[in-house]
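The chain contents come next:
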Amino acid sequence: MVPLSGSDVSAQDIEQLLRTLGASPVYAGFTPAVTALQYVLADQRLLTSLTTRLYPKVAESCEIALPCVERNIRTMIAVIWEKNQFLFQIVVGYRMTARPSVGDFLASLSTFLMYHPAKDWPDYLR
């Protein structure tokens, strides 16, 4: 299977996936997570430099303070983990024994989004 390019994944697809997992725009980490996933989908190398390259880009794009980026995404991950841990593990394709870090979360969801076009998602993800 050939992965999609980052430009083939829309912000709406990312938002739908996060909502299905239990997040909502009410959480301060929602928009930064969508933005971070868009950047990671465009350049996977950003996963190796979260604090020095990715977070500053997200902070600037979302107009939030740099220290808030990771904290807000981490809080949203905690909500997803508490609400829908089982579905999250189905989406990422493996069993996790602990809540994922921000880097693991972004890597897992970006991989899912690259290899699974929204039109092919099962009904439970719509």
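Residues numbered from 1 in each chain as written. Predicted model: local features only at pLDDT ≥ 70, side-chain atom pairs only at ≥ 80, totals over all residues. Heavy atoms only, no water.

### Notes on helix α4 (residues 66–92)
Here's step 1: For α4, spanning 27 residues, the distance from its first C-alpha to its last is only 27 Å, which falls clearly below the expected 39 Å at 1.5 Å a residue.
Here's step 2: The largest bend in α4 comes to about 105 degrees, at N84.
Here's step 3: Two residues or fewer past α4, G93 is found with a positive phi of approximately 90 degrees. (Helix = DSSP H or I, 4+ residues; strand = E, 2+ residues; numbered from the N terminus. Expected span 1.5 Å × (residues − 1). Bend = angle between axes of the 7 residues up to and from the residue.)

### Some words on the pattern of salt bridges
Here's step 1: Here the structure, examined in full by the defined rule, presents 4 salt bridges.
Here's step 2: Between R45 and D43 there is a salt bridge; the shortest N-O distance is 2.9 Å.
Here's step 3: Classification of D43 as buried rests on a relative accessible area of 17%.
Here's step 4: Between R74 and E70 there is a salt bridge, and its shortest N-O distance comes to 3.8 Å. One end of the pair, R74, and the other, E70, are both in helix α4, 4 residues apart, so they sit about a helical turn from each other.
Here's step 5: Taking the relative accessible area as the measure of exposure, E70 reaches 29% and is therefore partly exposed.
Here's step 6: Put simply, D43, R45 and R53 are held in one network by salt bridges that share partners. (Salt bridge = Lys/Arg side-chain N within 4 Å of Asp/Glu carboxyl O. Buried < 20%, exposed > 50% of the residue type's maximum accessible area, 1.4 Å probe, protein only.)

### Notes on the packing of aromatic side chains
Here's step 1: Using the criterion set out here, one finds 3 aromatic pairs in the structure.
Here's step 2: Considering the side-chain rings of W81 and F88, the 6.4 Å spacing of their centres and the 75 degrees angle between planes classify their relative orientation as edge-to-face.
Here's step 3: In this structure W81 comes out as buried when scored by relative accessible area, which is 9%.
Here's step 4: Aromatic side chains F88 and F105 sit 5.8 Å apart centroid to centroid with 15 degrees between the ring planes, which places their arrangement in the stacked category. Pair noted here: F88 is in helix α4 and F105 is in helix α5 (residues 102–115), with a separation of 17 residues, a long-range link. The same class applies to F88 and to F105, which are both buried.
Here's step 5: Among the aromatic residues, ring-to-ring pairing joins W81, F88 and F105 into one connected group. (Phe/Tyr/Trp six-rings, centres within 6.5 Å; stacked < 30°, edge-to-face > 60°.)

### Considering the UniProt feature "domain: Sporulation initiation factor Spo0A C-terminal" (unreviewed entry) in the chain
Here's step 1: When the UniProt feature table is mapped onto this chain numbering, "domain: Sporulation initiation factor Spo0A C-terminal" (unreviewed entry) sits at residues 14–110.
Here's step 2: Annotation note: span residues 14–110, helix share 72%, strand share 0%, distance between end C-alpha atoms 9 Å. (UniProt positions renumbered as here; feature names shortened; annotations may be inferred.)

### Points about unusual backbone geometry
Here's step 1: If you check the backbone angles, E63 has positive phi at about 55 degrees while not being a glycine.
Here's step 2: With respect to the element layout, E63 can be found in the loop between α3 (50–62) and α4.

### Regarding the nonpolar core
Here's step 1: Within the largest apolar cluster, 41 residues are counted, with the highest numbers of intra-cluster contacts made by L17, L18, L54, F88, F105 and L109.
Here's step 2: Counting only elements with at least two residues in this core, the list comes to α1 (11–21), α2 (30–42), α3, α4 and α5.
Here's step 3: Here the element with the most residues in this core is α4; it accounts for 10 residues.
Here's step 4: In this structure F88 touches L21, I80, W81, M96, P100, F105 and L109, once residues within four positions along its chain are discounted. (Core = buried A, V, L, I, M, F, W, Y, C linked by side-chain atoms within 4.5 Å. Contact = heavy atoms within 4.5 Å.)

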